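Here is how the chains run, residue by residue.
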Amino acid sequence: MNDFVAHILVVDDDEGIRSLIKQYLNENNFLVTTSDSAENAEEKISIIKFDLIILDIMMTGKSGLDFIKQNKSKIDTPIILLTAKGEAENRVEGLEIGADDYLPKPFEPKELTLRIKNILNKTKRNDEKRIITFDNIKIDLNKLLIIKNETEYKINSTEKIILEKMINNPGKTFSREDIGKLTDLDKERSIDVIITRLRKKIEIDPKNPKYLQTLRGAGYVLWIE
């Protein structure tokens, strides 16, 4: 559990704040995905399982409070609200409708990290579903590792997202368009490069893949027992 790498979704329409939070959390061994709106965040939570959401209250379009009202019953993901000065009533409402904590802006990044760790320590996770073993290969999504024949290969955030979705849907074909939606990649060549990189980490013979296969004209599929 000490090596668990939490996947956090940061939702804020301020690009500067998103970038700063992502950079700081990456430096503190968190995996981070960002969204610039509540609407975009809803798309991401529909296809990706996050461990925690950092959510700004006041955003262009749908507010953070509306996001909670419409989605909290569908997900069990803890939420930390980011609130501006003078939003005391909104903070209370946020906690009442399902937020787990809040942090007023401006804030110290270290305090945000401590609040994240505090919530994650209280949150029970079924880690076994994130560890998959087949043949001489072990995929550990908690530690962002693939272990093949006792050799360890690190996986990045994009590779983790693709693997997690495929593992949860064994035998399902994912088109390049599907993978693009998962990862925000919009170029086929970029997607092919990532698949090639994953094969080198998973397959015994990457040029003749057994597990992560291509279905011509359809996309990619992961075959595991």
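Please refer to the structure placed before this passage.
Cut-offs and rules
- Residues numbered from 1 in each chain as written.
- Predicted model: local features only at pLDDT ≥ 70, side-chain atom pairs only at ≥ 80, totals over all residues.
- Heavy atoms only, no water.
- Pairing = 2+ DSSP bridges.
- Helix = DSSP H or I, 4+ residues; strand = E, 2+ residues; numbered from the N terminus.
- Contact = heavy atoms within 4.5 Å.
- Axes fitted to C-alpha atoms, helices over the stretch in contact; angles between N-to-C directions.
- Buried < 20%, exposed > 50% of the residue type's maximum accessible area, 1.4 Å probe, protein only.
- Expected span 1.5 Å × (residues − 1).
- Polar contact = N/O pair within 3.5 Å; in protein donor to acceptor, adjacent residues only side chain to side chain.
- Core = buried A, V, L, I, M, F, W, Y, C linked by side-chain atoms within 4.5 Å.
- Phe/Tyr/Trp six-rings, centres within 6.5 Å; stacked < 30°, edge-to-face > 60°.

Q: Any chance you could break down the sheet that holds strand 12 (residues 219–222) for me, citing the residues and the numbers?
A: For sheets, the rule is that strands pair by backbone hydrogen bonds, running either parallel or antiparallel. Read across the sheet, three strands follow the order 10-12-11 without closing on themselves; strand pairing throughout is antiparallel. Only two strands of the sheet have a single neighbouring strand rather than two, namely strand 10 (173–174) and strand 11 (212–215). Contacts from helix 6 (residues 157–168) reach strand 10, strand 11 and strand 12 within the one sheet, and its direction differs from that of strand 12 by about 65 degrees.

Q: Explain the pairing of strand 5 (residues 101–104) residue by residue, including any values.
A: Residues Asp-101 and Leu-103 line the buried face of strand 5, whereas the alternating positions Tyr-102 and Pro-104 sit on a face that is not buried. Where strand 4 (residues 79–83) lies against strand 5, four bridges are found, and the strand directions are parallel. Bridge pairing in strand 5 links Ile-80 to Asp-101.

Q: Hey, could you go over the sheet that holds strand 8 (residues 145–148) for me, with residue numbers and the actual values?
A: What the four strands build is an open sheet, ordered 6-7-8-9; its pairing is antiparallel. The open sheet terminates on both sides in strands that have one partner only, identified here as strand 6 (131–134) and strand 9 (151–154). With strand direction ignored, the average angle separating the axes of adjacent strands in the sheet is 15 degrees.

Q: Account for unusual backbone geometry, naming residues and giving values.
A: A negative phi angle characterises most non-glycine residues, just as the trans form characterises most peptide bonds. That bond from Lys-105 to Pro-106 is cis: its omega, -10 degrees, falls within 30 degrees of zero. As for its position among the elements, Pro-106 is in the loop between strand 5 and helix 5 (109–122). For Asp-135, which is not glycine, the phi torsion reads 50 degrees and is therefore positive. Among the secondary structure elements, Asp-135 is positioned in the loop between strand 6 and strand 7 (137–140). Positive phi, close to 70 degrees, is recorded for Glu-150, a residue that is not glycine. Note that Glu-150 resides in the loop between strand 8 and strand 9. On the basis of relative accessible area, Glu-150 is assigned to the exposed category, the value being 79%.

Q: I'd like to hear about helix 6, residue by residue, with values.
A: Taking 1.5 Å as the rise per residue, helix 6 with 12 residues should run 16 Å; its terminal C-alpha atoms sit 17 Å apart, in good agreement. Summarising burial for helix 6: 10 of the 12 residues are buried, a large majority. Within helix 6 the residues assigned to the buried category are Thr-158, Glu-159, Lys-160, Ile-161, Ile-162, Leu-163, Glu-164, Lys-165, Met-166 and Ile-167. The opening residue of helix 6, the one whose side-chain oxygen lies 3.2 Å from the backbone nitrogen of Thr-158, is Asn-156.

Q: I'd love a proper account of the nonpolar core, names of residues and values included.
A: Counting 26 residues, the largest nonpolar core has Ile-139 and Leu-163 as the members making the most contacts within it. Breaking this core down by element, the ones donating at least two residues are strand 6, strand 7, helix 6, helix 8 (188–202) and strand 12. If we ignore the near neighbours within four places in the chain, the residues touching Ile-139 are Arg-130, Ile-131, Ile-132, Phe-134, Leu-145, Ile-146, Leu-163, Ile-167 and Ile-202. Residues Ala-41, Ile-48, Leu-65 and Leu-182 belong to the second largest nonpolar core, which totals 20 residues.

Q: Give me the side chain of Asp-12: which residues, what numbers.
A: Mapping Asp-12 onto the fold places it in the loop between strand 1 (7–11) and helix 1 (15–27). Judged by its relative accessible area of 0%, Asp-12 falls in the buried class. Of the polar contacts made by the side chain of Asp-12, one reaches the side chain of Lys-105; its length is 3.2 Å. Leaving out residues up to four positions away in the same chain, Asp-12 has contacts with Ile-17, Arg-18, Ser-35, Asp-36, Asp-56, Met-59, Leu-82 and Lys-105.

Q: An account of the packing of aromatic side chains is requested, with residue identities and associated values reported.
A: Applying the stated criterion across every chain yields a total of one aromatic pair. Judged by centre distance (4.9 Å) and plane angle (65 degrees), the ring pair of Phe-134 and Tyr-211 falls under edge-to-face. Residue Phe-134 is located in strand 6, and its partner Tyr-211 is located in the loop between helix 8 and strand 11; the two are separated by 77 residues in the primary sequence. Phe-134 gets classed as buried once you look at its relative accessible area, which sits at 5%.

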